Structure formats: C-alpha cells, structure tokens
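Residues per chain are reported as follows:
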Number of protein chains: 4
Amino acid sequence: MSETVKVAILGASGYTGAELIRLLDTDPGVELAVLTADRRAGQSLGAVFPHLAGVKAPPLVAIDDVTDWSGIDVVFCALPHATTQPVIAGLPDHLKVVDLSADFRLHDVDVYADWYGGPHQAPDLQKTAVYGLTELARDAIARARLVANPGCYPTGPLLALMPLIESGLIEPGDIIIDAKSGVSGAGRSAKEGLLHGEVSEGIHAYSVAAHRHSPEIEQELSRAAGHAVPTTFTPHLVPMNRGILSTIYVRTHANADAATLLSALTVRYKGEPFVRVLHGGALPHTRHVRGSNLCLIGAVDDRRPGHAILVTAIDNLVKGAAGQAIQNMNVMLGRPETAGLALQPVFP
Amino acid sequence: MSETVKVAILGASGYTGAELIRLLDTDPGVELAVLTADRRAGQSLGAVFPHLAGVKAPPLVAIDDVTDWSGIDVVFCALPHATTQPVIAGLPDHLKVVDLSADFRLHDVDVYADWYGGPHQAPDLQKTAVYGLTELARDAIARARLVANPGCYPTGPLLALMPLIESGLIEPGDIIIDAKSGVSGAGRSAKEGLLHGEVSEGIHAYSVAAHRHSPEIEQELSRAAGHAVPTTFTPHLVPMNRGILSTIYVRTHANADAATLLSALTVRYKGEPFVRVLHGGALPHTRHVRGSNLCLIGAVDDRRPGHAILVTAIDNLVKGAAGQAIQNMNVMLGRPETAGLALQPVFP
Amino acid sequence: MSETVKVAILGASGYTGAELIRLLDTDPGVELAVLTADRRAGQSLGAVFPHLAGVKAPPLVAIDDVTDWSGIDVVFCALPHATTQPVIAGLPDHLKVVDLSADFRLHDVDVYADWYGGPHQAPDLQKTAVYGLTELARDAIARARLVANPGCYPTGPLLALMPLIESGLIEPGDIIIDAKSGVSGAGRSAKEGLLHGEVSEGIHAYSVAAHRHSPEIEQELSRAAGHAVPTTFTPHLVPMNRGILSTIYVRTHANADAATLLSALTVRYKGEPFVRVLHGGALPHTRHVRGSNLCLIGAVDDRRPGHAILVTAIDNLVKGAAGQAIQNMNVMLGRPETAGLALQPVFP
Amino acid sequence: MSETVKVAILGASGYTGAELIRLLDTDPGVELAVLTADRRAGQSLGAVFPHLAGVKAPPLVAIDDVTDWSGIDVVFCALPHATTQPVIAGLPDHLKVVDLSADFRLHDVDVYADWYGGPHQAPDLQKTAVYGLTELARDAIARARLVANPGCYPTGPLLALMPLIESGLIEPGDIIIDAKSGVSGAGRSAKEGLLHGEVSEGIHAYSVAAHRHSPEIEQELSRAAGHAVPTTFTPHLVPMNRGILSTIYVRTHANADAATLLSALTVRYKGEPFVRVLHGGALPHTRHVRGSNLCLIGAVDDRRPGHAILVTAIDNLVKGAAGQAIQNMNVMLGRPETAGLALQPVFP
C-alpha cells in the first residue's frame, strides 16, 4: 500500500458521498482517486455539488467503467440498499471495503430477507463482514476486509446502551428509543414527502415499529443481552438538515440511577476522541455536533422510580455515516483514528 | 348578557393573545372590547402585531386602567404564570373567566407551591376552578365561572389517554410521553435560547422529568386511574413555530392492541368536531392541524408484545391555548361550540 | 344561477388547489361540487391533503370523467401551464372560468409562443380573456367569462407600480423588481431542487432575466406606460413556504419622493379591503400577510436623489393565486368581494 | 515572535468569536491564549458554546483582568461597535490587531460620527488603520499594525464591484445592491425581532437606505471611482443562520455585457484561493459557501440593454467576519494565507 491512501467512492452523488469528500479533503494522506455516480457520469464534481467545486477530484464515472482497481486501496460504497451486494462481491480481494448501505449489517440473512424483501445475494461475503460501530468493535474492524458501517439511527443509541447492558445496569428487554432525525438521512432523491413545503414547519413519526433500522438495533442489543430482545424504535422527521437526537427510556437494575449510568459510560469511553459523556444534568443538542464526528450522551433520572432517560446526539451524515466510515478506514489501515475527522462542529 | 359577547383579553401582546384575536375576529357574535398589555399600553394592536392591523379592536391599555368592567361578559387571561392569581381574584363576580396561565390548573395548592416556587395566593378561588379540557369536562365547564385552560403539552396526551385509562385498556402507571413542540409555546419574550440562530437546524430535550406540565398531566391521569401515578414526560424543542406532536408509549391490558385503542377512542369522540381519530395505521403530522383547533390521534402496535404507541398532534396556540379557550367560552355561554373555530388548517 | 355557487376545481391536488378549498370552505354560499386530479382520481380529499380531511367535498375524479357540467357555475382551473388551453376551450359556455395558469395571461400569442415554447392553442379564446388583477380591472372582470388570474410574482409589483406609472410619478423604463419567494410557488412536484435539504438554510437567485413572469409584468407596465418598456425582474427562492417580498427600485418624476408615492397609492386604494398602504417608513414583512389575501405596500427614499424604493408583500398562494381567484369569482358573480377572504393572517 | 502564533480574542462569547475559535482550531500553528467575555468571565468555553467543548482553550476572562499582554502576538477584537476604540487604543504596541467591529472602517471620522451617533474616540489611531478587504489591499495589510475587518454586507459586493469600477466597465453612480442575510449577522443578543417565531417563515427588508454598512460601501466605491458616489443598499433578513446573497444591478460602459464583466473578474482574481468567478450563466447559492471562506461571483445580462446583474455569495461569519480576519492575520504575519481556512463548505 502506498503512503497516500487511494480511495474510491461508489455513489458519490448522494449526500453521504458528498460528506465523505468534504471530510477526506481535510486529510493530506488521502487521494480521491475514483468517484462513481451512474446517472451523473461524465460530470465534474462541481457540477453535481457546487459546494465541492474546489476539491481536487476526478470527474464522476459510471461504476462499470472502472476496470482497473489496482491503484485503489479502499472503497467506500454509498450505493442504495439491495444494489450493493453484487457490486462488493465483484471487487478484487486487495481492496478494503467500507459499505455504508444496510446490505451487510444483518448477520442473519433470513432477517435481511424479511426486512428487505428478497434473499441476500452474497451470504458468504456476509459472514466476513464486521458491524463497524468503531468504539465497540475496534479490534475486529482492524482485522476486517469488509466493514458494514452502522445505520444512522442505531449509532447513537447503541453507543449509549451496549455498555450498560453488558454491565447489567439496565434491562435489555424494556428499552424505548424515540429518535428524531433531520432530512438528509432520507437522501437526495426527489420525493414529494421530502419537499421543503412538506417537511418544514412540522414534525411527524414514520415507519413506526416498522423501520429497517429496527432489526439492526435488535441484533446488537440482543448480542449484548445474550438473548433476543425486541426493542421499541420510533423515528421522526424533523425540519432540519442534519442531526439525530435519540431519547431513550430504560429500566435500571441494581438501584442504578442516571449518575450510575453516566459513570459507567464515562469509564467505558475514557480517551475516546469522538464520544463525549455529559454530566451535571446536561443534555445534548444536535446543533452541538453538526458537521462533526462526535456522539454526545447525557442522562437524567425519570420520574418513575427505577427508570432513567438517556439522550444521544450525532450528525447523521458524519458519525451516522461518512465520518464513522472514515474512522473505520483509519482503523482498518492502522492510521491515526482522527485523521480527516478533527473538525469542530459548525454552529450556528 | 347582550347578544354580542363582549370580551376582554388580559395580556394581549403575547402570541396567545394574538391568536385569541385572530380567531375571535372570525366570530361576528364577539366584540373585542378591552385589550390589555402593560408594557405596550397606548399602542394600537397593529403596532404590536402588524398582521392584525386590520382587526377592529381598541388600543391596548394597562390593566390597572380598566376601571369599569360592567360592559364586559368574558375575560381571557393570558398573563404569565404566578401573576394571574391576584388579577383574577380582583375581577367582578359577573365576569366569566378563562385563564390560560397555569395558576388555577392544579387542584392541590401544595403541589402548585412545590412546582411554582411559592404559596398559592387565591386558594379559595382555586377550589371553584374547572380544569377545562373541553371534551372531557363539558358539563362542569358549562356551569363554571372560572375555567383553567389546560397547558399546551397536556392537551393532546390527555385526550388520548384519559378514555383508555377509564376503560381499563392501558396501565396508568406505565406511560411515557415523548413530546415535541414548536417554539411559540415558549412565548414572545426575548431570550437567547429562543433566537433563530439557537433554535433552527437542531433539536434538543429540555426540562426532562422536571417540566411544570408534569404535575398537571399526573393530576389528570391519577384522577382517571383512581390512584396516584407518576408519568414520564419529556419535552423537546423543534425548529418550527407551531405544533406539538406527542408520541406516547403505553402498556395495554386485556389483550388490547392498537386497533382496540382506536376503536375505543372512536366511540368516545364520536360527533366531536375537533377530535379526529385516525385509522388504517395513519399517524398525524403537526402540519395537518396548523392554525386549527383540531386534535388528531393515531396508534400502532409496538414491537414489544402488549404495548402500543399513540401519537397525537395539535397546534399549541390553538387547541393548546387560544382555540380551546374559545371553545370553553362557547360552552360556558351556551353558544355553538365551533363558533370562531371553524377554520381549516393552513398547509403548507 | 342557484343561490349557492357550485364550484369545480380542476387540478385540486396541488398547493393552489388545496388553498382554494381551504378558503372556499369558509364561505357558506359556495359548494365544492367537483374536484379533479388525474393522478389521484378515486382518492378522497383527505388522502391527498390530510389537513383538509374535515372539508365537505366529493372525492377526486379524472377530468375526462366529468361529463355533466350543467350543475356547475364556476370553474377554477389550476392545471399546469400549456395544458390548460384545450381544457378551457372545451368547457360549456355557461361556465364562468378563472384560470390560474399562465395560459391566458399574455394578450399577444406570439409572446406566449416565445416564452412557453409552442404556439397558443386557443387564440380566439385568448382575445376574450381579462387579466384579472382585481383592483385594477374590476369592471372588465365583472363582465368577463374567462379571467386569467395573474401570476404570483407580478401581483404585488403591479399593484404598486401601475398607478404610479399612470399618474406619471415614476419612469416606466427604469424599474427593477428584486423578488423573493417562498417555495410553495414552485408547486408540489417532486424535484431535487425543491427538497428540504436543497432549499433550507440558503438563498439563491434563479431564472434571472429569463423568468416567465417577465413578459407578464412587461405587458402590464407597457400598457400603463403607453409604450413598450423592458423591466428588470429577478426572482429568488427563500427557505419559507409562503410569501413573496418584492423590493422595487424606481426613478421618480416631478420631484416625487417616497411620501408622494405613498400618498398617490393611498388615494388610489382607498376603501380597498385587501390593499394596505403603509406609512411612517413602515415596510411590510411577508409574515404579516401569511394565509390572507392582503397586499401590503411601503416605500422609502433611496440614497440616490430622484429615486425611491417600494416594497410589497403578499402570500403567493392567496393574493398571488387562490385568494385573488376567489376575489375575481366574487366580482364576476356580483357577490361581496370579501366572501371567503375575510381571514386575518396567521402569525407566527 | 514565537513560531506558534499566540492569539487573544476579545469578545469570545458572540457568534463571531465562536467562529474564530472553530477556524483557528484547525491551524496547528495557532494557540488560543486569551479569550475574553465580560459577562461570561469565569466560565469555560464549553459552557458558553457547547459545540466548542472539545477545543483546547483557556476559560473566559474579563478584559480588564488581562494585565500581561507580553506573550500575545495577535488580538482579534470582536467587541460591539463604539466600545472598541478605547480598548484598542489601550493595547501595547507590539500587538497586531484585527478589529471586527465597525470602529475603524470609516476613514473620515466625521462620517463615523454621523452614522454612529458620537465622535470618534481614537482619531489618530484611525489614520493608521487599513480597511482589510484582503484581496484588494494585501500589500497594505501586510504592513499594517491595525486592520479594520470589513463588514459582512460590504465584502461580497466590493469584491465584485471594485475591479469593475477601476477598469471603467460599470458606472459607479448607478449601482443597486439588494442584499439578503442570514440571522447570525445580527449577533447573539436576545432581541424580540431575532426570535425564531419572528424570523422564520418570512422575509423583510430593514434599515433601507439607512444601514450603517452604507457609508462603508460608499467609501470604497467612491475611492475606486475617484469621486463621491451614493449607492443604493437594501438589506433583508432571511430565515437562515448563515450566508449573504447580494444581487447587484449595474449599468455598463463600453458595451460591456455580463461576459465582459466575468472575464475582467476572472483575470483580476486569478490564483486567489477564496474568490471564485462562475461562468456559463451559473449563479451562486449561499449554501455553496456555508462554513467556508469563499466568495462566489456570477453575472447575467439584464433585460434592459446596457445593464447587467451580478450576484455574490459569502458566509457572513467566515468571509464576512472571522474567516477574513484570519486571512488578514495570515497576511500581516507573512504566513500562508489559507492557514486555518482550508475547509470546504458544509452542505446540506
């Protein structure tokens, strides 16, 4: 591998692709070698994303026109769900791959089939994929060739809940995640429901008890619990572009209160550059992480005895997608984990 | 009482006052006789609210300058919490009063003292106040002289939950209300935390497990349950001007599922002009009620067996404040309940 | 004609159609008899617009399925530009028609062909159409069978400029209109450029010197001037749903200053229910007209001697579309002009 | 001077102060040595700006408590207008100063007195100040001790207009600047007019022909013209946090059209890292520069012969304030001009 990491981004015309480019541009050790976008093939990056016109990058190409992968080190795959499996299966073995779709997140291909409406097309490859919640799977990621980057919704809640379940401080079978997301999580495709007129000045819940990130959350929480647990997960669409706030209701064990939970998380995430545990009753705002790879976690006691409320905040395009993907690349390549991710949040 | 209802609005320079005026202007049977606003006394309504410059209304006066109440039939009191008690105590007996502050909502004056930081100043008057959730207290409101208009947050959840508790379909001790409000609920006062730069493009929880609408919710739910129940209530601030969406997590009894709950609510609210129960898995958006007195209620099954998720939507300034106040006035005076409230929502 | 006006709305599934329905619902003398929307035929109004689920209205039908027009009095045509001509040409003679598309606004069919990319398909009908800026064409509208409702952008500036040109107070050949519109003006169609993520938190100019409302503005200003005048018109897209603010730069004649212009406009619009001329240096906000049929006009002196700056504000969906259409219907039928239009603006 | 530049920021609790910190944090050659904020003295940076809790920075202090300036190299002064003069006058001579207030922008202290309501308190110091529009005053800035950082509104228009006036391509006496700004330009102070409820979902003009950036614009344009020219400048408040779009109407000389103007600007700004001239009719969006130090310039022909329309876009907090201030520091110290300013824009 050359000293400069040569990167290909498949699906560079979506918001996640753009965010990968924005962040990687801050890393002098990375070269954007290939950008694909089938519908925009032949166009310059600046034509598709005028805010990135100043980035040194090649023009967009169709994925089928990339015939020589020998100069590439890492592939970020930001293609739509269900289309990704054959693409990654067809990549040469020397490539490290971070997949930002859902295609390799579910270990059980039957669960995949249930939620995504068809059989998995690369079940053997699936077995090699590591679920890439960086802080909780760093060693496995370091050894992986294929990392399935977590979904935007699962990232914050899992970072808060996994250590607490593992340490027996909360009841894994009684967790409610009420999540609120900005619209960029829905991508850049032209749908009536995502128009400014439909989204602004209002809020609504959607895909309640039926969102495709549910099995992903349950897979990980069940793993931590050691047995299958159903989880309540309710996504809402908020009139903002970036950010996910998750308000999480838990029942505690062993007389644990919010302070107990925060102490356990503080110990668990000591030294982590991107996870920040808040104290003194402070709770995170999504605007405090905008544009950054941070995950903030706070907690307060519930009015119902034996219960607590956790709140997490991330930028869905960064820690919930492109940022965590870059973090995973850094781990896979043994690079400094904060490379390309050292930016402070943008506020206001 | 004259045929035309003569109305005084105390505290007419806030958003609630403005909304009372906007709605009452559509009712030819109402005359805006007195508008008070101490800091804006002497100014025209149009100077304080340019959008209302076309309303036929008297200039604003200081409340102490209103010396003759003989020509007034009804007083809407939209003054700040804690300042309202002596004002209403000093009003002549012939006046019907709808108070939009929190001062007369809590039946137990000790609870009031705990949450509002000082003893109640009109405990005898408190005993006569009716908690004015119109659909659930119509008869008492019709006989009342003083109605305590419900808070914006309690209104939607109580309309959904009270009938379900009373019919034994849900467990009253295991209710979580995750509420999301627009910024007009915080009023028009100049605070750093309400600036556009601080509120837009983000979301956060606030006053978690410590909001002053908690005791109000618990008072009513405990009354329905027949015993004291703590309730989890988490408010969030959303970057929109109007609307409250409440996502409510309940444990059901007697094998009830979402369809059971919706059927019970449909029966309970049959013929009600302002409560609409949704079916077929439909869930409300706040933008579907904007500017109207509607409360929409939907429900879906939770992934955890024996649980369900209810969602309610109101416009916090209308059904959550000014609209319900007018509805209560109509009931108190034996007028058609929809007078001044027949407007369809404004979208987009 | 029956006492109740029976109305058909062609193209009821767009924002303009919804706004017609919201407003007409406040008029007890109007019945919504026919609603068409080809792509949504067979659906209820509430399925297409949940905020209108409470309106008494028939289900949507395809326009070709409307075979009997005998019970209809008035047709509002809210179909896309260029598709409208044959539809209206095919309507029975007894129907009064208000067309909200651009198809009959341009008197010169060659100009139409230049700007809309094809020959006019109903040139004879075009000759009978009246350009329906109500306050300036009331008599002709009263006699018309077909009214071409003005575009959203031209409405405010023409109301401000036409009287000033006619009275010789400003130079017609030296007018700049810098207009800022909310997104609902672009309709409800799913386009990438109208997504929340693309529109919010930013502003841009578009179709500069090339917008299709340009010839409409020039047609009317030239008529007032008595000779052809080019006009500078620059539209901008603002991250809000409703409203157009037009900042207009003019060169004055005869030593006229802003006060002179305002005096002339005050005289001209005396008694008009929907045009309000501001004084004392006050300038309008779009939020002061939201949801209403108002047009506000203000003016201040420019720093360049002999120049002044006018500012107009309307709600593009009301005075800029549905409201003015209803106003025109009222004039055509000899009804009170404010019927269905008496609502105060909604703020915040 | 040490190799690491030691920086003091006076007035670090405003949006401009926060933006200076966000940007300087990306520059390993800069140390945040002193942060002052009188009302927040004693608090940590993270308490005032939670999004900056991860920045290595000292706690805030009162300005009077800074008694030893010997270890400081550069002072950024982000204090309110009119309070800045005595503060800077009292700083030791060895300090380089970039002042972000208006206090030293106007060369003529009588003009200052007219617009700011009182006599200038440091007229001798004023004579030494350089107006710091970096691209147009680089040599003078390199020699300056005190740089007056340009106002947010003037920056974009001056970058577009100054070269065109100097080359005789446009008429300096006939320029109209119609500017649209996000709310962060008004700062973080708690004022009713800046509340989310007052600003969102609407647009308005303010301080028309009376804004304090007018004399600053006229000073520079007059300098380029060689004689005094009045300029029309109309600011508008747009419901977004960041960005200024300026639509500029000019009369051209010598048969120049938009292409001519763009060619001249392209030549003038060749090699500039932060000024980008658009071609092919492209016009900038503010969202294409958000968070970056870029200024984009586009142009199209007007419909009035002999006229053209220029459009510029900047982020008011970056190129319009903190970014240009850092750029000026870099020039003053002979550092690479892009240090701390290499970030791509953040979109969406």
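Here is what the cut-offs are and how they apply
Every chain is numbered independently, its residues counted from 1 as its sequence is written. The naming scheme follows written order: chains are lettered A onward, ligands numbered 1 onward. Only residues with pLDDT of 70 or above have their local features reported here, since the model is predicted, and side-chain atom pairs are shown and tallied only from 80 upward, although totals for entire chains, interfaces and linings are computed over all residues. Only hydrogens and water are set aside; all other atoms, that is, all heavy atoms of the structure, feed into the side-chain values. Think of a salt bridge as a Lys or Arg side-chain nitrogen and an Asp or Glu carboxyl oxygen that are within 4 Å of each other. A helix here means a DSSP run of H or I that spans at least four residues, while a strand means a run of E at least two residues long, and both kinds are numbered starting from the N terminus. Accessible area is worked out with a 1.4 Å probe on protein chains only. A residue is then buried under 20% of its type maximum, exposed over 50%, and partly exposed in between. Residues are treated as being in contact if the distance between any of their heavy atoms lies within 4.5 Å. By buried area we mean the combined loss of accessible area, with a 1.4 Å probe, across both parts when two parts are placed together. Only rings of Phe, Tyr and Trp enter the pairing, Trp through its six-membered ring, and a pair is recorded when the two centres are within 6.5 Å. The plane angle decides the type: under 30 degrees is stacked, over 60 is edge-to-face, the rest tilted. Joining through side-chain atoms within 4.5 Å is the link that ties buried Ala, Val, Leu, Ile, Met, Phe, Trp, Tyr and Cys residues into a set, and such a set is a nonpolar core. Interaxial angles span 0 to 180 degrees and are taken between N-to-C directions of axes, which are lines fitted to C-alpha atoms, for helices over the stretch in contact. With respect to orientation, any angle under 35 degrees is reported as roughly parallel, any angle over 145 as roughly antiparallel, any angle of 65 to 115 as roughly perpendicular, and every other angle as oblique. Two helices that cross are described as forming a left-handed crossing if the nearer one is turned anticlockwise from the farther one by less than a right angle, and a right-handed crossing if clockwise. Under the scheme applied, nonpolar residues are Ala, Val, Leu, Ile, Met, Phe, Trp, Tyr, Cys and Pro; charged residues are Asp, Glu, Lys and Arg; polar residues are all the others, including Gly. Polar contacts here mean pairs of N or O atoms no more than 3.5 Å apart (in protein, one a potential hydrogen donor and the other a potential acceptor; neighbouring residues in sequence count only if both atoms are side-chain atoms). Any pair of cysteine sulfurs within 2.5 Å is marked as a disulfide. The atoms used to superpose the copies are C-alpha atoms, taken from residues with pLDDT of at least 70 in both, and the fit is least squares. Given a helix with a known number of residues, its expected span is that number minus one, times 1.5 Å. To get the bend at a given residue, fit one axis to the seven residues ending there, fit another to the seven starting there, and take the angle between those axes. For two strands to be treated as a pair, DSSP must find at least two bridges joining them. For each domain, the first and last residues come from an automatic or database assignment.

Student: Which residues make up the pattern of salt bridges, and what values go with them?
Tutor: Evaluation of the coordinates by the stated rule reveals 72 salt bridges over all chains. Note that B:Lys319 is salt-bridged to B:Glu135, the shortest N-O span being 2.8 Å. You can see B:Lys319 sitting in helix α11 (residues 318-333) and its partner B:Glu135 sitting in the loop between β5 (130-131) and α6 (138-143), a full 184 residues away along the chain. B:Glu135 matches B:Lys319 in its accessibility class, with the two residues each being buried. Between C:Arg138 and C:Glu337 there is a salt bridge, with the nearest N and O atoms lying 2.9 Å from each other. Of this pair, C:Arg138 sits in helix α6 (residues 138-143) while C:Glu337 is found in the segment after α11 (318-333), placing the two residues 199 residues apart along the sequence.

Student: A description of the interface of chain C and chain B should follow, citing residues and the corresponding values.
Tutor: Opposite the 29 residues of chain C that make contact, chain B presents 29 residues. Approximately 2,400 Å² of surface area, both sides summed, lies buried where chain C meets chain B, with 61% of it carried by carbon and sulfur atoms. Area buried by chain C at its contact with chain B is led by C:His51, C:Gln344 and C:Pro348, which between them contribute 28% of it. Between chain C and chain B we count 0 salt bridges in total.

Student: An account of the environment of B:Ala137 is requested, with residue identities and associated values reported.
Tutor: Residue and element names in this part refer to chain B. Mapped onto the secondary structure, Ala-137 falls in the loop between β5 and α6. Judged by its relative accessible area of 16%, Ala-137 falls in the buried class. Put simply, Ala-137 and Asn-328 are 191 residues apart on the chain and 9.7 Å apart in space, counted from C-alpha to C-alpha.

Student: Outline the packing of aromatic side chains, listing residues and values.
Tutor: All names here are of chain C. This structure, assessed with the given rule, holds 15 aromatic pairs over all chains. Judged by centre distance (5.1 Å) and plane angle (70°), the rings of Tyr-153 and Phe-233 are edge-to-face. Here Tyr-153, found in helix α7 (residues 152-166), pairs with Phe-233, found in strand β9 (residues 232-237); they are 80 residues apart in sequence, far enough to count as distant. The pair formed by Tyr-153 and Phe-233 is uniform in burial state, with each residue classed as buried.

Student: Can you explain the nonpolar core? Please cite residues and give values.
Tutor: Judged by nonpolar contacts, the single largest core of 191 residues is most densely connected at A:Phe76, B:Phe76, C:Phe76 and D:Phe76. The residues contacting A:Phe76, other than those within four sequence positions of it, are A:Val7, A:Ala8, A:Ile9, A:Leu10, A:Leu20, A:Leu24, A:Val98, A:Leu100, A:Ala325, A:Ile326 and A:Met329. Listed in part, the 39 residues of the second largest apolar core include D:Cys152, D:Ala160, D:Phe233 and D:Cys295.

Student: Tell me what's going on with the packing of α7(C) against helix α9 (residues 213-225) of chain C, and back it up with residues and numbers.
Tutor: Residue and element names in this part refer to chain C. α9 packs onto α7 with a crossing angle of 15° between their chain directions and a minimal axis gap of 9 Å. When the interaxial angle is binned, α7 and α9 end up roughly parallel. Once α7 is placed against α9, the crossing between them reads as right-handed. Touching Cys-152, Tyr-153, Pro-154, Leu-158, Leu-161, Met-162, Ile-165 and Glu-166 of α7 are His-213, Glu-216, Ile-217, Glu-220, Leu-221, Arg-223, Ala-224 and Ala-225, all from α9. For the contact of α7 with α9, the class distribution of residues is 11 nonpolar, 1 polar and 4 charged.

Student: Summarise the environment of C:Leu262; cite the residues concerned and give the values.
Tutor: Residues and elements named next belong to chain C. In this fold, Leu-262 is placed in helix α10 (residues 258-268). A sequence separation of 37 residues divides Leu-262 from Ala-299, and the C-alpha atoms of the two residues are 6.7 Å apart. In this view, Leu-262 contacts Val-277, Leu-278, His-279, Ile-297, Gly-298 and Ala-299; residues no more than four positions away in its chain are not counted.

Student: Which residues make up the interface of chain A and chain B, and what are the values?
Tutor: For interface size, the figure often reported is the accessible area lost on association. Listed per partner, the contact involves 48 residues of chain A and 48 residues of chain B. Both sides together, the interface formed by chain A and chain B hides about 4,000 Å², and carbon and sulfur atoms give 55% of it. Applying the counting rule to chain A against chain B returns 6 salt bridges. At the boundary of chain A with chain B, the tally comes to 34 residue pairs in polar contact (both at pLDDT 80 or more).

Student: Which residues make up the state of the cysteines, and what values do they have?
Tutor: All names here are of chain C. Taken as a whole and assessed by the stated rule, the structure comprises 0 disulfides over all chains. With no disulfide of its own, Cys-152 lies closest to Cys-295 among cysteine sulfurs, the gap being 13 Å. Residue classification places Cys-152 among the buried positions, given a relative accessible area of 13%. Cys-295 gets classed as buried once you look at its relative accessible area, which sits at 0%.

Student: Go over the relation of the copies chain C and chain B with me, naming the residues and quoting the values.
Tutor: For the pair chain C and chain B, the relating rotation is 180°, the translation along its axis is 0.0 Å, and the fit reaches an RMSD of 0.0 Å. The superposition operator between the copies reduces to a two-fold rotation axis. Residue by residue, 100% of the interface of chain C is reproduced at the interface of chain B, so both copies engage with the same surface.

Student: How would you sum up helix α11 (residues 318-333) of chain A? Please name residues and give values.
Tutor: Residues and elements named next belong to chain A. Helix length check: α11, at 16 residues, gives a terminal C-alpha distance of 19 Å against a target of 22 Å (1.5 Å per residue), a shortfall beyond 12%. Remark: the principal bend of α11, roughly 45°, maps to Gln-324. Of all 16 residues that make up α11, 16 are buried, and the element is covered over most of its length.

Student: Summarise the relation of the copies chain A and chain B; cite the residues concerned and give the values.
Tutor: In screw terms, the move from chain A to chain B is a rotation of 180° and a rise of 0.0 Å along the axis, fitting with an RMSD of 0.0 Å. A symmetric contact is evident, with 100% of the interface residues of chain A recurring at the interface of chain B.

Student: An account of the sheet that holds strand β1 (residues 5-10) of chain A is requested, with residue identities and associated values reported.
Tutor: All names here are of chain A. As summarised here, the arrangement of the 6 strands in space is β2-β1-β3-β4-β6-β5, forming an open sheet in which the pairing is parallel. Looking at strand neighbours, the two that pair on one side only are β2 (30-36) and β5 (130-131), the edges of this open sheet. Where β5 meets strand β6 (residues 146-148), 2 bridges bridge the pair, whose relative direction is parallel. By the bridge assignment for β6, Val-130 is matched with Val-147. Against the sheet, helix α1 (residues 15-24) contacts β1, β2 and β3 (74-77), and its axis sits at roughly 160° relative to β1.

Student: Run through the pairing of strand β7 (residues 176-181) of chain B, naming residues and quoting values.
Tutor: The two faces of a sheet get side chains in turn, since along a regular strand they alternate between them. All names here are of chain B. A large share of β7 lies buried, amounting to 6 of its 6 residues. As paired strands, β7 and strand β9 (residues 232-237) are joined by 6 bridges and run parallel to one another. Paired with Asp-178 across the strands is Thr-234, a residue of β9. The sheet contact formed by β7 and strand β10 (residues 244-251) spans 6 bridges and is antiparallel. Residue pairing for β10: Lys-180 is matched across the bridge by Leu-245.

Student: Now, about the domain arrangement of chain A: what can you tell me, with residues and values included?
Tutor: Residue and element names in this part refer to chain A. Domain assignment breaks chain A into domain 1 (5-150 + 319-333) and domain 2 (153-315). Using only C-alpha atoms to locate each centre, domain 1 and domain 2 end up separated by 24 Å. Both sides of the domain 1 and domain 2 interface together cover about 2,300 Å² of buried area, and 54% of this is carbon and sulfur. Taken as a group, Tyr-15, Trp-115 and Lys-319 account for 29% of the area that domain 1 buries against domain 2, more than any other trio of residues on that side. The interface formed by domain 1 and domain 2 includes 3 salt bridges. For Arg-138, the salt bridge is made with Glu-272, and the minimal N-O distance between the two is 2.7 Å.

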